[in-house]
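Now for the letters of each chain:
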Amino acid sequence: MKKLKIGIIGAGSISSLHMDAYANNNEVELYAICDMNVERAQEKADKYGIPHVYSNVQELLANPEVEAVSICTWNNTHAEFSIAAVNAGKHVLCEKPLCQTVEQALEVQSAVQSSGKVFQVGFVRRYGNTTQMLRRFIDAGDLGEIYYAKASYLRRLGNPGGWFSDSKRSGGGPLIDLGVHVIDLCWYLMGKPKVQSVKGNTYRKLGNRANVQHLSFYQAADYDATQNDVEDLANALICFENGASIMVDVSFTLHGIKNDGTISIYGTKGGAQVEPELQIATEKHDMMLNLLPQADTLTFDFVAGFQNEINHFVRCCLGTDETLSPVEDGVEIMKILCAVYESAKTGKEVRFD
Ligand SMILES: NC(=O)c1ccc[n+]([C@@H]2O[C@H](COP(=O)([O-])OP(=O)(O)OC[C@H]3O[C@@H](n4cnc5c(N)ncnc54)[C@H](O)[C@@H]3O)[C@@H](O)[C@H]2O)c1
């Protein structure tokens, strides 16, 4: 059977999760890889047995054998590489965030629409097992109308440094890096209502806390603590045309007692805690019930999430599925993220009506 030939663009940390998942998928062949740090690309090529190695994206895209690509480079490259890839006739799985601005997002959308290629945004949490378990309840109407969601993703010491904290390359700090996941997950579970207004705040009070000793934390592949011009905390109230709302706060650094990752959604018939562990709240026979699903894992499993995301992308490329996270959703999330930054800058609510 002919296998779908995959190109990997960007050979840093997250690319390993993509390549592990492709390697487990019998319908694809890891065929090409590219990174401007070509030694890094070569190292990964050796590990995964990838025959074609490039230091330049255009060269990878010019290879007519490559049919689909994963874009795993810094955020400032996502729009340019996405447009170039679909124009070169490749299907694309682009890591989150879709890009850095709404203008770029609309340009990507228009290129995707005229190319007719599959384009999937890497909103990996949509593909988590627990998300899909919860969707069964939501789709069956068990939660009723979901009118509120609350998400906190607070790291007290978790600025990855390097490009993540250089706004030119990242587009922002914890909001665009972590907020993108949790806002998208809430929005997706709420049925993707149309955004009406956003009021947000960002704070740059603590810096990256690179001075802290005795406590380890995740660092980017090219860690550099000297570059840090992004917010260390962001919060927002996002309101939708149907009256629903999301309250969110996310941080890279904060004087917190511990890290906090909680996501909950609330509906007229039931609610759910999505993180740290899936539980469903409901009412029956005049009693409040907390339902604890019996499953191997009740929390977001990264490896399974990426495997599901990539298996789904491959099925979409082969024409047997339609993507669960299309470019249009990437555009809507960029509108929300950029509105939080704009509102924080002006001190005013951003309205979309
Ligand atoms: N879905 C998730 O949970 C998740 C988690 C982490 C990162 N990400 C996303 O994945 C992307 C990469 O993050 P990472 O943590 O792997 O970063 P990283 O720094 O570890 O890797 C990025 C790689 O891209 C390469 N690169 C950058 N610009 C390039 C260019 N113009 N041409 C060729 N190569 C280039 C760098 O040399 C580097 O090796 C980001 O968009 C990030 O937001 C997603």
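What counts and how
- Residues numbered from 1 in each chain as written.
- Predicted model: local features only at pLDDT ≥ 70, side-chain atom pairs only at ≥ 80, totals over all residues.
- Helix = DSSP H or I, 4+ residues; strand = E, 2+ residues; numbered from the N terminus.
- Rg over C-alpha atoms; globule rule 2.2 N^0.38 Å.
- Buried ≥ 20, exposed ≤ 12 C-beta atoms within 10 Å, placed from the backbone.
- Pairing = 2+ DSSP bridges.
- Contact = placed C-beta atoms within 7 Å.
- Axes fitted to C-alpha atoms, helices over the stretch in contact; angles between N-to-C directions.
- Expected span 1.5 Å × (residues − 1).
- Parallel < 35°, antiparallel > 145°, perpendicular 65-115°, else oblique.
- Nonpolar A, V, L, I, M, F, W, Y, C, P; charged D, E, K, R; others polar.
- Near = placed C-beta within 6 Å.
- Domains from an automatic or database assignment.
- UniProt positions renumbered as here; feature names shortened; annotations may be inferred.
- Core = buried A, V, L, I, M, F, W, Y, C linked by C-beta atoms within 7 Å.

1. What about the overall build of the chain?
Looking only at helices and strands, the chain features 10 helices and 15 strands. Here the C-alpha radius of gyration of the chain, 20 Å, is about what a compact globule of 353 residues would show, namely 20 Å. Along the first, second and third principal axes, the C-alpha atoms of the chain reach 60 × 50 × 45 Å. Here the chain holds 353 residues, and the buried ones make up 48% of them.

2. Here we look at the environment of Asp-353
Among the secondary structure elements, Asp-353 is positioned in the segment after strand E15 (350-351). Asp-353 gets classed as exposed once you count the C-beta atoms within 10 Å, which come to 7. In this structure the C-alpha to C-alpha distance between Asp-353 and Ser-197, which are 156 residues apart in sequence, comes to 8.1 Å.

3. Examining the sheet that holds E15
Strand order across the open sheet formed by 9 strands is E14-E13-E12-E11-E7-E10-E9-E8-E15, with mixed pairing between neighbours. A single partner strand is all that each edge strand has here, and the edge strands are strand E14 (287-291) and E15. This element, helix H8 (residues 174-189), spans strand E7 (146-154), strand E8 (195-203), strand E9 (233-240), strand E10 (245-251), strand E11 (260-267) and strand E12 (270-275) of the sheet and lies at about 155° to E10. Those strands touched by helix H10 (residues 327-346) are E8, E9 and E15, and its axis lies near 50° from that of E8.

4. Structural notes on H8
Compared with an ideal rise of 1.5 Å per residue, which puts 16 residues at 22 Å, H8 spans 21 Å between its outermost C-alpha atoms and is within 8% of the ideal. Extensive coverage of H8 is indicated by the burial of 15 of its 16 residues. With its phi angle positive at about 90°, Gly-191 sits one or two positions after the end of H8.

5. Section: the packing of helix H5 (residues 102-115) against H10
The geometry of a pair of packed helices is captured by two quantities: the angle between their axes and the separation between those axes. For the pair H5 and H10, interaxial distance at closest approach is 9 Å and the crossing angle is 175°. Considering their axes alone, H5 and H10 lie roughly antiparallel with respect to each other. Of H10, the residues touching H5 (which contributes Val-102, Ala-105, Leu-106, Val-108, Gln-109 and Val-112) are Val-327, Glu-328, Gly-330, Val-331, Met-334, Lys-335 and Cys-338. Here the residues of the contact of H5 with H10 sort into 9 nonpolar, 2 polar and 2 charged.

6. Some remarks on the site of the ligand
Taken together, 26 residues surround the ligand, and among them Gly-10, Gly-12, Ile-14, Glu-95 and Ala-221 come closest. Along the lines of polarity and charge, the residues of the shell around the ligand split into 11 nonpolar, 9 polar and 6 charged. No fewer than three residues from each of domain 1 (4-124 + 307-325) and domain 2 (126-300 + 333-351) sit in the shell around the ligand.

7. A short note on the UniProt feature "domain: Gfo/Idh/MocA-like oxidoreductase C-terminal" (unreviewed entry) in the chain
Here, UniProt's "domain: Gfo/Idh/MocA-like oxidoreductase C-terminal" (unreviewed entry) annotation points to residues 137-350. Secondary structure across residues 137-350 comprises 28% helix and 28% strand; the distance between its end C-alpha atoms is 33 Å.

8. Brief notes about the domain arrangement of the chain
Size of an interface, as often reported, equals the accessible area lost when the parts are brought together. Taken domain by domain, the chain holds domain 1 (4-124 + 307-325) and domain 2 (126-300 + 333-351). Computed from C-alpha atoms alone, the centre-to-centre distance between domain 1 and domain 2 is 25 Å. Across the contact, 20 residues belong to domain 1 and 16 residues belong to domain 2. Only H5 and helix H9 (302-317) provide two or more residues apiece to the side of domain 1 that touches domain 2. With 3 residues, H9 is the largest single contributor of residues to the side of domain 1 that touches domain 2. The residue makeup of the side of domain 1 that touches domain 2, split by class, is 9 nonpolar, 9 polar and 2 charged.

9. Observations concerning the UniProt feature "domain: Gfo/Idh/MocA-like oxidoreductase N-terminal" (unreviewed entry) in the chain
The sites that UniProt annotates as "domain: Gfo/Idh/MocA-like oxidoreductase N-terminal" (unreviewed entry) are residues 4-123. Taken end to end, residues 4-123 comprises 43% helix and 24% strand; its first and last C-alpha atoms sit 22 Å apart.

10. Topic: the nonpolar core
Counting residues in hydrophobic clusters, the biggest one holds 98 residues, and the most contacted among them are Val-182, Ile-183, Cys-186, Leu-337 and Val-340. For this core, the domains that each give at least three residues are domain 1 (4-124 + 307-325) and domain 2 (126-300 + 333-351). For Cys-186, the residues in contact, after removing those within four places along its chain, are Ala-149, Ala-151, Ile-246, Ile-263 and Ile-265.

11. Things to note about the environment of Glu-342
Within the element layout of this structure, Glu-342 appears in helix H10. The sequence separation of Glu-342 and Thr-253 amounts to 89 residues, and the corresponding C-alpha distance is 21 Å.

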